[in-house]
Amino acid sequence: MIFAEKKKKILTGITALLLCAFFVAAALWGSAGDAFAASSAQNGVYDAAELLDSSQEDRLKSRLDSYCEKYDCDIAIVTTDDAGGKTSEDYADTYAEDLGMSMKKEDRPGILFLIDMDNRRMQISTSGQAISYYSDSRIDHILDRCYKYIIRDDYYRTCGQFLDGVRDYMGISAARHGRLRAIHILIMAIISAAAGGLIVFIMLRRSGGVITTSGATYLNAKDSRITGRSDHFINRTVTRRIIHRDTDDGPGPGGSGGGGFHVSSGGGEHGGGGRSF
Amino acid sequence: MILHFSCPDCGADMAYSIKLGKLYCQHCEHSEDIKPDPEQWQNLGGQAMDQAWTDQFAGPEQSADQTQAADQAQTADQTQAADQTQAADQAQAGGQPQVCPNCGSPIEASSRACSIRCPYCDSSLILADRLQRSMRPAMILPFRMDSEAARQAFLKWCHKGRFAPRGFAGSKNLKKIRPVYVPYWLYDLDLDLSVSGIATKVNIYVSGDTEYTETSFYSVARQMQLDYRNVPHDASEKMDDTVMAKVQPYDFSQMKEFAIPYLAGFETDQRDYADDELLPLVREQVGVYASTFARSTISGYSTVNIKQEDSSFRKISAKYVYLPLWFISYPYQGKEYVFAMNGQTGKVIGTPPLSQLKTTGWFALISGIIFAILLAGGLLL
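Let me sum up the structure you'll find in this document. Treat the numbers as computed from the prediction; the structure is a model and nothing was measured.

Rules of the game
- Residues numbered from 1 in each chain as written.
- Chains lettered and ligands numbered in written order.
- Predicted model: local features only at pLDDT ≥ 70, side-chain atom pairs only at ≥ 80, totals over all residues.
- Heavy atoms only, no water.
- Helix = DSSP H or I, 4+ residues; strand = E, 2+ residues; numbered from the N terminus.
- Polar contact = N/O pair within 3.5 Å; in protein donor to acceptor, adjacent residues only side chain to side chain.
- Buried < 20%, exposed > 50% of the residue type's maximum accessible area, 1.4 Å probe, protein only.
- Contact = heavy atoms within 4.5 Å.
- Axes fitted to C-alpha atoms, helices over the stretch in contact; angles between N-to-C directions.
- Parallel < 35°, antiparallel > 145°, perpendicular 65-115°, else oblique.
- Left-handed = near helix turned anticlockwise from the far one by under 90°.
- Nonpolar A, V, L, I, M, F, W, Y, C, P; charged D, E, K, R; others polar.
- Pairing = 2+ DSSP bridges.
- Buried area = accessible area lost by both parts, 1.4 Å probe.
- Salt bridge = Lys/Arg side-chain N within 4 Å of Asp/Glu carboxyl O.
- Phe/Tyr/Trp six-rings, centres within 6.5 Å; stacked < 30°, edge-to-face > 60°.
- Lys NZ or Arg CZ within 6 Å of the ring centre and 35° of its normal.

## Focus on the side chain of Arg 275 of chain A
The topology assignment puts Arg 275 of chain A in strand S7 (residues 269–276). At 3.5 Å, the side chain of Arg 275 of chain A and the backbone oxygen of Asp 140 of chain A are in polar contact.

Written as structure tokens, this is what we have:
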């Protein structure tokens, strides 16, 4: 009898864990994304302006390479001292095309980050499917994080924030919040354990019987009455607030749902945005 | 001073039968209706009075004569004996050892007990001198659940337990189930209450690219007369107040005029507290009830801020009553678990043993479900 009870409870626990495992598996499967043709682009770090030392470059490159593999895309980080008279946007788009990133928005996703010391501007150029992943608000979000470091001349961390942006959004449709990371899952586990513990604690406390009486139990409604009431208007105040609408620093339409795109001088379809510093 | 009820047919001890609502003799199945207590039981003098009781049921003429004679004898003794009885009472019957009128063995009763069973012959004995005047309750709520019904209700409650181990609900373990009358004060409180404060209505709307928040301020006030009836508070020191509060509610409309025979067979103690001693607690409790009610009468506002609250009690009265309770003690795995059950409704109060397995199982299940929901949200959003 006792063993049967044990078995039942263990089964319940296992079922709960299996449910979670199923969802985690679904998550991982969901993030796999479409498979593209093997990359022919020359991904990497091209530090013409020499803003990074060699160990920083190596670390960025290894992280960059792992993301290319993991998220099945092309990534490049470029710095320059001389934009050759071009705008940052044009320079970035052309560089991406020269490296071999996609020309059409249905093709392999690619993203390039340019630090243009000549125009004093950061620029992100997206190609292929990355155009749809990186909406204007996501671009803004990444540039916000980069801006914090670039004004302090910390170019290594600036690039690091860009790679964070790749990690968070590459392959995730713009309608969603971003990639679910291990830390998110850990936080969820902690919250559910805490909530579960609290609920079980409350259930235990109630198991010994609760108070079921209130004022209504003893109020003699027949002989009770409201003998007076008054509701007098005193005054009215009105406050106003202008609704702040987000303004884009970058070019193009698109807002927060799927990026808009433009066509570069080389004929490629690109998205992205930039920010001066 | 000690009353006990012998069956007029066979002489055996009679006790109150919950099922019949009468005095009942188990040997010959004779039963008697409960009649109002005669005057002398409310103002007792000298000896054991089971004579007076059997005379009540002897026959109309006979009983009338004998009761009258008994009456006269009593009144004569009264003035003399009354003081003595009281003194004896207060001295805890120190000078005069009490014996069971049925078997003669000495009685050991606590200083507060007024209804007991003789530990030797199991007769139901009422220490009537402890139920005099201010110690005599006005009403009693007789048991509705007899011991079998109580047993069933308790087992049902055990089965429903979410955390109790499976083996707990076996009836073989049910050791002691004993019925007790608990002394309570029931209060009637009439109060006048007035509250006043500031309330707001907030209206938010958008026009163009501006959001307007419109706040209207009102001065609100309410006055009311509230009557609360039969607010109970247990008057026994040894009963846990929280448990006694959780055992409520009782249906007080079932209460009967108090008569001593109702106590036959049940353990009962005198009350420890007078009505004025418990009054501050009850006033506080009713104050909260009234306050909550007053707030509920102010509706239709976004916020309500009560700045002033005044209450005054117009009338307060209290009744001393006995309410029925079953005590269940249940040994399980070396520990003794005690539960209290409302003797009228069967509501059970008490902490059952915890099964580690069930607790862990519930925790895993609930946490698992919450985690799955969070995960699904994270994936879809």
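## Details of the environment of Arg 295 of chain B
Residue and element names in this part refer to chain B. Structurally, Arg 295 can be placed in helix H5 (residues 275–296). Judged by its relative accessible area of 39%, Arg 295 falls in the partly exposed class. Counting along the chain gives 85 residues from Arg 295 to Leu 380, while the straight-line C-alpha distance between them is 43 Å. The contact partners of Arg 295, leaving out residues within four places of it in the chain, are Ile 306 and Glu 309. In terms of polar contacts, Arg 295 uses its side chain to reach the side chain of Glu 309, at 3.4 Å.

## Thoughts on the packing of helix H5 (residues 136–150) of chain A against helix H6 (residues 155–169) of chain A
Residue and element names in this part refer to chain A. Packing of H5 against H6 brings their axes to within 8 Å, and their N-to-C directions diverge by 160°. When the interaxial angle is binned, H5 and H6 end up roughly antiparallel. When you trace H5 past H6, the crossing you get is right-handed. Where H5 approaches H6, its residues Arg 138, His 141, Ile 142, Arg 145, Cys 146, Tyr 149 and Ile 150 are matched on the opposing element by Tyr 155, Arg 157, Thr 158, Gln 161, Phe 162, Asp 164, Gly 165, Asp 168 and Tyr 169. Grouping the amino acids of the contact of H5 with H6 by side-chain chemistry returns seven nonpolar, four polar and five charged.

## Quick look at the sheet that holds strand S2 (residues 14–17) of chain B
Strand order in this open sheet of three strands is S2-S3-S4 (chain B), and the pairing throughout is antiparallel. The sheet terminates laterally at S2 and strand S4 (31–32) of chain B, the two strands that pair on one side only.

## Quick notes on the interface of chain B and chain A
Counting from both sides, the interface comprises 66 residues of chain B and, opposite them, 62 residues of chain A. Buried surface at the junction of chain B and chain A, both sides included, amounts to about 5,900 Å², of which 65% is carbon and sulfur. When the buried surface of chain B facing chain A is broken down by residue, Arg 166, Phe 371 and Leu 379 of chain B rank first, second and third, together holding 11% of it. Taken together, chain B and chain A are joined by three salt bridges. A salt bridge links Arg 222 of chain B to Asp 231 of chain A; the shortest N-O distance between them is 3.2 Å. On the surface where chain B and chain A come into contact, there are 25 residue pairs in polar contact (both at pLDDT 80 or more).

## Considerations on the packing of aromatic side chains
Under the counting rule described, the total for this entry stands at 26 aromatic pairs over all chains. Both rings, one in Tyr 67 of chain A and one in Tyr 71 of chain A, keep their centres 5.4 Å apart while their planes meet at 45°; by these two values the pair is tilted. A residue pair is termed a helical-turn pair when its members lie 3 or 4 positions apart in one helix, as Tyr 67 of chain A and Tyr 71 of chain A do in helix H2 (residues 54–71) at four residues. Across the pair, exposure class does not vary: Tyr 67 of chain A and Tyr 71 of chain A are buried alike. Between Phe 143 of chain B and Phe 266 of chain B, the aromatic rings sit 4.9 Å apart at their centres with planes inclined by 5°, giving stacked as the arrangement. One end of the pair, Phe 143 of chain B, is in the loop between strand S7 (139–140) and helix H3 (147–160); the other, Phe 266 of chain B, is in the loop between strand S10 (256–257) and strand S11 (267–269), and 123 residues separate them in sequence. Phe 266 of chain B matches Phe 143 of chain B in its accessibility class, with the two residues each being buried. These aromatic residues form a ring-pair network of at least three members: Tyr 16, Phe 143, Tyr 181, Trp 185, Phe 258, Tyr 262, Phe 266, Tyr 320, Tyr 322 and Trp 326 of chain B. Across from the ring centre of Tyr 320 of chain B, 5.2 Å away, lies the NZ or CZ of Arg 271 of chain B, which sits over that ring.

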